[in-house]
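Descriptive analysis of the structure
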Amino acid sequence: MHIMPQIKPITIYRLAWRNLAQKPFRTTCLIIMTLLFSASLFGGSILTKNLNDGIAGMANRLGADILIVPYGYEKELEVALLRGEPSTFYLKADLAQKIEKIKGITAVSSQLFIASLSAGCCTSKLQLIGFEQSTDFVISPWMKQQLTARLHDNEVVVGSKILADVGDEITFFNHRFRVAAKMDSTGMGFDTSVFMTMDAAYNLMKTADLLSGDVDHIRNYVSSIFIRVDHDYQPKAIVNQIMQKYAVEYNLDFVMTKVMISDIYKWLNSFSVIVYTLAAIFWLLAIVVIFIVYSSTINERKREVGILRILGASRSMLVKMLFIESFIISVIGAIIGIIFATIVLCAFSMLICQSLGLPCINASFSSAITYGLIVFILTLIIAPLASSYSVLSITRTDSYQAYREGE
Amino acid sequence: MNILEVNNVSKNYGSLYALADINMTVGDGKWLSIMGPSGSGKSTLMNIIGCMDKPTSGSVILDGQDITQLSLTDLTVIRRDKIGLIFQQFHLVPYLTALENVMLAQYYHSMVDEKEALNALERVGLHARAKHLPRQLSGGEQQRVCIARALINYPKLILADEPTGNLDEANESLVMNLLHQLHQEGSSIIVVTHSPEVAKHAETTVVLEHGKIAQIIDNLK
Amino acid sequence: MNRFLSSAFVILIGLLVILVPTYILPVCPPTEIMANSHDHHITYKFMKCHWTSQAEIGIGTAMVVIGLILLLIKSTLIRLGLNISLVVIAMFVAAVPTILIGVCPSEMMACHIGTLPALLLLSGILFIGILVNIFYLKRLS
């Protein structure tokens, strides 16, 4: 017995789909055009959002307004803050007590930065930071929930990406420390830093022979001084005061966190301009290419549509069929593009953020859905819009002419 | 009862006459050939009868209805309900299988019935080729699919434009045999052709020359 | 997928499996170069990910060779068999940096955030592509 395979009933959707399937090369090219747009816009906007969230989170919780570093080291500090690239630099410590008295300064806290040697297999250099727990207002906001007792000299607080848990032992320069607490994820360099008391840090430096020269007076040095300024005072004015009084004596440089963050925002702004311009170009490009491809096949399609017309298809049925066809291209392009961008982002977001040197927080599921929907809708428009001229002119001629032209 | 009455039909493109004052009738169940050299106006006449064009003057009564007064949209409806068209160029939808091509005519007409469509293909001897695309079929097979498609909706009139124009002799006789079968079952058939051999199959042959009826031949005599 | 396309696909992925851990998104370089003071030999200290990259070079080479054989052999059944073997190889591409050898556990290391996801992605792409090809070949045979 001859068994016929099941044949799906004929519908407008099926006609449109069969037409696309019949020309796989053309269909694939058109889908790739729409996919370029959806992937670039979705990937680009999610990445921008991640960076934006990361920087905003940092700006919100970084309590310091002014950071003082030795002259020429402001880049090193920024890099250490943003991506935790370890570095070591020194500043005379007594400056902290002196500037405390300046009007408008509400808090001053010193930190000592030590770049560790790589501690064992599969770890890179870490940033060790000594901090004053009594005056600190920079580190604490990130770990308040996690640390109640005073830190002992043989204890450390580790950033969220350090591979050690509370209670673990961790060794730096042959000194063993107990992990007392772990910080929240900051998206910044703090994630890969290890915090210890100032005493522990000095001790480490002395015994590990990290400082050449004035080893005996090692306690007279810190790496940077973090300053918080009263809301009523301009950080800029404070910086000017410190400059006048101490710049020559101490050889200082300043990082204004507001300026630093607004510089990052400026960079992020131009980044997003590039992303959106690129997406806009892809959008237009897709429309132009699809328009051209459809226009160039008008005559061929007229013949095909003429057959359907002669068989009794009404114009509205044909218009619907042709629009569904271009709609399918858009839908497939949008879905594949968004999935592709999602996979690339999920796989490489950390790599991207690290190589950009900026803090990153992964976008929440809901905002990803929102972006996805917007991109989806914008992609949906592409093919129907680009093909509308052709669709109308293909179906405009009556069946007789279409038939005649086919002869 | 006549299936078709053509009364004083003229068609001109500007000052050029394609058809001048044509009168003819086709009785129900009759087979008529319209014969003439190219440029004689037979294609124009075919298009007017097939509801794909309108005459400049005169009237065409198809199955009791004057189709010259109808809009193009209404003509589409008449065409799919009453006429089965067979073309020289086959005019199959390239991306649909033979079966789907037949079902497509059902789809635009009323309802898709796969079994009936398969029966129609069986009638033209193409049951085994139902799943093939037009490009996988020979010319004769394609034309037989067209015939299956033309008769699927039980048309009042089968209108064939050079149905054997692109076929070899063997396929030509196959196709003509099919038309004979349909005729014996009572279908009215109009075949437009330039070939006297093909025209001879009909009961009556109308010979067109320069847009006018030059001769009416009764093939039964 | 036709013969040329499927073979080109396998060879391309194979080359990427070799190139990703070595050049494109390289694993971490050897950490310490300790000059032995006694005989002036230099000792490199390799991390886990180095061995992963060595293993992937081997796996990638196997894929390239199978890809070339796929190009030359017409028999559907042999091609089917080779494709089935590629399914296992695709799993190895993913298993080496995760279960069998692994990469550095730290989220700051190049091999962890670059090489590992790239290899997993390649494994996934290969897996899907090979499944499609097997499906296609099964219908042919």
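Keep in mind the model is a prediction, meaning the values are calculated, not measured. (Residues numbered from 1 in each chain as written. Chains lettered and ligands numbered in written order. Predicted model: local features only at pLDDT ≥ 70, side-chain atom pairs only at ≥ 80, totals over all residues. Heavy atoms only, no water.)

Broken down by element type, chain A carries 12 helices and 11 strands. Of all 407 residues assigned to chain A, the portion counted as buried reaches 53%. If you take every contact in chain A between residues at least 6 apart in sequence, the share linking residues at least 24 apart comes to 79%. Here chain A has roughly 18700 Å² of accessible surface; of this, 60% comes from carbon and sulfur atoms. (Helix = DSSP H or I, 4+ residues; strand = E, 2+ residues; numbered from the N terminus. Buried < 20%, exposed > 50% of the residue type's maximum accessible area, 1.4 Å probe, protein only. Contact = heavy atoms within 4.5 Å. Areas by Shrake-Rupley, 256 points an atom, 1.4 Å probe, with all protein chains shown as cover.)

Attention now goes to the packing of aromatic side chains. Residues and elements named next belong to chain A. Scanning all chains against the criterion turns up 9 aromatic pairs over all chains. Both rings, one in Phe172 and one in Phe177, keep their centres 6.2 Å apart while their planes meet at 45 degrees; by these two values the pair is tilted. A single burial state applies to Phe172 and to Phe177, both of which are buried. Ring pairs connect the aromatic residues Tyr73, Phe89 and Phe113, which therefore count as one cluster. Taking the ring centre of Tyr294 as reference, the NZ or CZ of Arg26 above it sits at 5.5 Å. (Phe/Tyr/Trp six-rings, centres within 6.5 Å; stacked < 30°, edge-to-face > 60°. Lys NZ or Arg CZ within 6 Å of the ring centre and 35° of its normal.)

At the junction of the two partners, chain B supplies 34 residues and chain A supplies 32 residues. The largest contributions to the chain B side of the interface with chain A come from His91, Tyr95 and Tyr108 of chain B, which together make up 25% of the buried area. In this assembly, chain B and chain A are joined by 2 salt bridges. Arg18 of chain A serves as the salt-bridge partner of Glu100 of chain B, at 2.6 Å between the closest nitrogen and oxygen. (Buried area = accessible area lost by both parts, 1.4 Å probe. Salt bridge = Lys/Arg side-chain N within 4 Å of Asp/Glu carboxyl O.)

Our next topic: the domain arrangement of chain A. Residues and elements named next belong to chain A. Parsing chain A into structural domains produces domain 1 (12-57 + 264-406) and domain 2 (72-250). For domain 1 versus domain 2, the distance between C-alpha centres works out to 50 Å. Residue-level contacts link 8 residues of domain 1 with 6 residues of domain 2. For the domain 1 and domain 2 pair, buried surface summed over both sides reaches about 520 Å², with 65% attributable to carbon and sulfur atoms. When its residues are assigned to classes, the side of domain 1 that touches domain 2 shows 5 nonpolar, 3 polar and no charged. (Domains from an automatic or database assignment. Nonpolar A, V, L, I, M, F, W, Y, C, P; charged D, E, K, R; others polar.)

Quick look at the sheet that holds strand β7 (residues 157-161) of chain B now. Residue and element names in this part refer to chain B. Strand order in this open sheet of 6 strands is β6-β7-β8-β3-β9-β10, and the pairing throughout is mixed. Bordering the open sheet on either side are β6 (83-86) and β10 (212-218), each of which pairs with just one other strand. Strand-to-strand twist in this sheet, taken as the mean axis angle between neighbours without regard to direction, amounts to 20 degrees. As paired elements, strand β3 (residues 31-35) and strand β8 (residues 188-193) share 5 bridges and run parallel to each other. Residue pairing in the sheet places Ile34 in a bridge with Val192 of β8. Sheet strands in contact with helix α2 (residues 72-82) are β6 and β7, and its direction is about 80 degrees off that of β6. (Pairing = 2+ DSSP bridges. Axes fitted to C-alpha atoms, helices over the stretch in contact; angles between N-to-C directions.)

So, about the environment of Met108 of chain C. Residues and elements named next belong to chain C. Turning to its location among the elements, Met108 is positioned in the loop between α3 (76-100) and α4 (110-140). A residue is classified by how much of its surface remains accessible, and Met108, at 14% relative accessible area, is buried. Taking C-alpha positions, Met108 is 27 Å from Leu126, a pair spaced 18 residues apart along the chain.

Let's shift gears to the UniProt feature "domain: ABC3 transporter permease C-terminal" (unreviewed entry) in chain A. The positions that UniProt labels "domain: ABC3 transporter permease C-terminal" (unreviewed entry) are, in the present scheme, residues 277-389 of chain A. In this annotation, residues 277-389 of chain A is assigned 88% helix and 0% strand; the end-to-end C-alpha distance for the span is 26 Å. (UniProt positions renumbered as here; feature names shortened; annotations may be inferred.)

Core analysis: the biggest nonpolar cluster contains 123 residues, and Phe190 of chain A together with Leu104, Tyr108 and Leu121 of chain B have the highest contact counts within it. Both of domain 1 (12-57 + 264-406) and domain 2 (72-250) of chain A provide at least three residues apiece to this core. Dropping the residues within four chain positions of it, Tyr108 of chain B is found in contact with Leu15, Leu308, Leu311, Gly312, Ala313, Met317 and Leu318 of chain A together with Arg80 of chain B. With 45 residues, the next largest nonpolar core counts Leu95, Phe177, Val229 and Tyr246 of chain A among its residues. (Core = buried A, V, L, I, M, F, W, Y, C linked by side-chain atoms within 4.5 Å.)

This brings us to helix α1 (residues 42-49) of chain B. Residue and element names in this part refer to chain B. For α1, a buried count of 7 out of 8 residues is recorded, marking the element as mostly surrounded by other parts of the structure. Within the sequence span of α1, burial applies to Lys42, Thr44, Leu45, Met46, Asn47, Ile48 and Ile49. Positive backbone phi, at 60 degrees, marks Cys51, one or two positions downstream of α1.

Here we take up unusual backbone geometry. Residue and element names in this part refer to chain B. Of note in this structure, Asp63 is not a glycine but carries a positive phi near 50 degrees. Tracing the sequence through the fold places Asp63 in the loop between β4 (57-62) and β5 (65-66). Positive phi is not limited to glycine here, since Glu162 has a value of about 45 degrees. Its place among the elements puts Glu162 in the loop between β7 and α6 (169-184). Using a relative accessible area of 8% as the deciding quantity, one classes Glu162 as buried.

Moving on, we come to the pairing of strand β5 (residues 155-158) of chain A. All names here are of chain A. Where burial is concerned, the two faces of β5 agree: the one with Glu155 and Val157 and the one with Val156 and Val158 are both buried. Both β5 and strand β7 (residues 175-182) contribute to a ladder of 4 bridges, which runs parallel. Counterpart to Glu155 in the pairing with β7 is Arg178. Summarising the sheet, β5 and strand β8 (residues 193-197) pair through 3 bridges and their orientation is antiparallel. Paired with Val157 across the strands is Phe195, a residue of β8.

Residue and element names in this part refer to chain B. Along β7, 5 of the 5 residues are buried, which leaves the element largely enclosed by surrounding structure. In β7, alternate side chains face the same way, and those of Leu157, Leu159 and Asp161 on one face and Ile158 and Ala160 on the other are all buried. Relative to β7, β6 is paired through 4 bridges, and the arrangement is parallel. If you follow Gly84 over to β7, its bridge partner there is Ile158. Relative to β8, β7 runs parallel, the two being bridged by 5 bridges. Counted as the bridge partner of Leu159 is Ile190 from β8. Taking the sense of rotation as the criterion, the β-α-β connection linking β7, α6 and β8 turns out right-handed. (Right-handed = clockwise from strand over helix to strand, strands pointing away.)

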